[in-house]
Structures are given as structure tokens and as C-alpha cells.
Amino acid sequence: MHDAEGAREAILNAGEEVFAEHGFDGARIDAIAKVSGYNKSLIFQYFEDKLGLYAAVIRRADEQTRTWQNEALSALSATEPDKSVEQIKNLLRMYVGEYFDYLVEHPQIMRIYNWEMAEGWQTMSKIFTQRDFDDVDEFAPVLAKLQDAGLLRSGLDPLLQFSTAIFTVALYLAIPPLYKTLMPSADFSSTTELAFAREFVVDFVAHGLLITPAKAKPRKK
């Protein structure tokens, strides 16, 4: 059992690496087998096909972030928007900060998401499970409550607002390599620069998404 778990983890790691480098369409099972050190037949035995392996890589990433996602959802569900504006803003800052840290520590997952965005989420849409729809059903009313209280800056669908805000993190982290080419002497990946970047992105999202308490007005239905 221990060997089986180790083999499965090695294949998942190899899949994440190859999918990040080539995207789903460009990834080859032969390459994943070579990187993992296991043959193709074992990959098919564990995951059935390339899409099954891709889904498992995405699900593993989802599990790695689920704890603080659930914590944020529970805390938001328990707050009264008109009485806890600062608490809500702090929860959003915490969530965005955690996601920033996660993508910095898992750059291959960020690259996979960037591939998905570039290709219109065509592969991701094929691996949705009921849990994904359940997540939407849980988050949507909580975010709608914030919008109804007049705390969201835009009248756009609140779930779309939140998703756009979160993916701002991935967008920012995808940009420094471009400027590294233009500014070779700059070190955008240093601990100090990443701390500045984290603070910037967190503030950018929090202020862009939420209205300050003095300006908040309940949404007219």
C-alpha cells in the first residue's frame, strides 16, 4: 500500500510538472511516465486516461486550499454585513493573501491555471464534479448578501466579481517574468519584493471589490 501511494504521488507530481510546461493538449503520457519513473500502464491503471490524471492534479490542488476556503466561507456566513464591514474586509484580505502564498509556493499550479485561462477553460469544464456545483451553491448566496448590503463596488454578479478578484493574484504573478526581461537587474522574486507584491495585490483586491463603510449603501432590489 505504501509503494502504491508513493507511485501515485510521483505520477501526480510528474503530471503537474508536464501539464504546467505544455498545457493539457501539449502534454504527453510518455513524457509524464518518463518524469515519474513509472510506465504508462500504471498511469492508466490509476487514472484511466490523460484527462483522469489531469483531473486528479486539479483536485489535489483544490484539496490543498480547501481548509482556508471553508474557514473563510464559514466566517462570512456567520457575519452580518451591515455590522461587520471591517471583519469582512479582513477576511477577504486573509483569503487573498493565503491564495497569493499558495501560488508562490506552487508555481506549476499557477501555470496550469494560466493555460486554462488562455484556452477558455475548455479542459477544466470537462472535469467538473458535483462538488464544484455545490461550492457555487454555497458561495453564491453569501456573496449576494454582501452585494445586497451595498458592500460590493459593482452590480456585476457577485460570484463573478469574487472569482475575478481571486484570479488577479495569478495575473500579477504571471507578469514579473516579462519585466525581468526588460529590467534584468531587478529581482522580483526576492523575499522583500514578494512581501511588497503580496501587500499590493491584497490591498488592490480588497479596495477594488469592497466599498468603504462610509460609502456603503444597501442595493436596491
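Computed from a predicted model, the values in this text were never measured in an experiment.

Student: Give a description of helix α5 (residues 85-105) that names residues and reports values.
Tutor: Over its 21 residues, α5 runs 30 Å from end to end, which matches the ideal 30 Å to within 8%, given 1.5 Å per residue. Taken together, the buried positions of α5 are occupied by Val85, Ile88, Lys89, Leu91, Leu92, Tyr95, Val96, Gly97, Tyr99, Phe100, Tyr102 and Leu103. Elements that come into contact with the buried residues of α5 comprise α4 (50-78), α6 (107-118), α7 (130-148), α8 (158-174) and α10 (191-209).

Student: Residue-level account of the packing of helix α2 (residues 29-36) against helix α3 (residues 40-47), with values.
Tutor: Direction vectors running N to C along α2 and α3 enclose 100 degrees, while the axes themselves pass 9 Å from each other. Taken together, α2 and α3 sit at an angle that is classed as roughly perpendicular. Between α2, through Ile29, Asp30, Ile32 and Ala33, and α3, the contact on the second element is made entirely by Lys40, Ile43 and Phe44. Looking at the contact of α2 with α3 residue by residue, the class counts come to five nonpolar, no polar and two charged.

Student: Go over unusual backbone geometry with me, naming the residues and quoting the values.
Tutor: A positive phi angle is found at Glu48, which is not glycine, with a value near 75 degrees. Here Glu48 shows up in the loop between α3 and α4. For Glu48, a relative accessible area of 66% gives the class exposed. For Trp121, which is not glycine, the phi torsion reads 60 degrees and is therefore positive. You can see Trp121 is positioned in the loop between α6 and α7.

Student: Tell me about the confidence of the model for the protein, residues and numbers included.
Tutor: In regions of low pLDDT, the predicted coordinates are not meant to be interpreted in detail. Per-residue confidence for the protein gives a mean pLDDT of 89, with 94% of residues at or over 70. α2 holds the highest mean pLDDT among the elements of the protein, 97, whereas helix α9 (residues 176-182) holds the lowest, 87.

Student: Account for the side chain of Gln147, with residues named and values stated.
Tutor: Mapped onto the elements of the fold, Gln147 is located in helix α7. Side-chain polar atoms of Gln147 contact the backbone oxygen of Gly155, separated by 3.5 Å.

Student: So what's going on with the layout of surface pockets? Residues and values would help.
Tutor: Considered as a void within the structure, the largest pocket measures approximately 880 Å³ in volume. Along its surface, the largest pocket is lined by 24 residues, and Asp62, Phe128, Asp132, Ser163 and Phe167 are the ones closest to its centre. Contributions of two or more residues to the lining of the largest pocket are made by α4, α5, α7 and α8. For the lining of the largest pocket, the leading source of residues is α4, giving six residues.

Student: Before we move on, can you summarise the packing of α6 against α8 with the specific residues and values?
Tutor: Where α6 meets α8, the axes come as close as 10 Å, and the angle between the chain directions of the two elements is 105 degrees. Overall, the two elements α6 and α8 adopt an arrangement that is roughly perpendicular. Of the residues in α8, those in contact with Met110, Tyr113, Asn114 and Met117 of α6 are Phe167, Ala170, Leu173 and Ala174. Here the contact of α6 with α8 is composed, by residue class, of seven nonpolar, one polar and no charged.

Student: Which residues make up the packing of aromatic side chains, and what values go with them?
Tutor: Tallied over the full model, the rule gives 13 aromatic pairs. Both rings, one in Phe24 and one in Tyr54, keep their centres 5.1 Å apart while their planes meet at 70 degrees; by these two values the pair is edge-to-face. Of this pair, Phe24 sits in helix α1 (residues 2-26) while Tyr54 sits in helix α4, and the two are 30 residues apart along the sequence. You can call Phe24 buried: its relative accessible area is 13%. Overall, the relative accessible area of 2% leaves Tyr54 in the buried class. Feature note: the residues Trp68, Tyr95, Tyr99, Phe139 and Phe162 constitute an aromatic cluster, connected by ring pairs. Above the plane of the ring of Phe24 lies Lys50, whose end atom (NZ or CZ) is 4.5 Å from the centre.

Definitions and cut-offs
Residues numbered from 1 in each chain as written. Predicted model: local features only at pLDDT ≥ 70, side-chain atom pairs only at ≥ 80, totals over all residues. Heavy atoms only, no water. Helix = DSSP H or I, 4+ residues; strand = E, 2+ residues; numbered from the N terminus. Expected span 1.5 Å × (residues − 1). Buried < 20%, exposed > 50% of the residue type's maximum accessible area, 1.4 Å probe, protein only. Contact = heavy atoms within 4.5 Å. Axes fitted to C-alpha atoms, helices over the stretch in contact; angles between N-to-C directions. Parallel < 35°, antiparallel > 145°, perpendicular 65-115°, else oblique. Nonpolar A, V, L, I, M, F, W, Y, C, P; charged D, E, K, R; others polar. pLDDT = per-residue confidence, 0-100. Polar contact = N/O pair within 3.5 Å; in protein donor to acceptor, adjacent residues only side chain to side chain. 1 Å grid on protein atoms, 1.4 Å probe; cavity = no way out; pocket = protein on both sides within 12 Å on 5 of 7 lines; lining within 4 Å. Points joined across faces, edges and corners; volume = space filled by probe spheres on them. Phe/Tyr/Trp six-rings, centres within 6.5 Å; stacked < 30°, edge-to-face > 60°. Lys NZ or Arg CZ within 6 Å of the ring centre and 35° of its normal.

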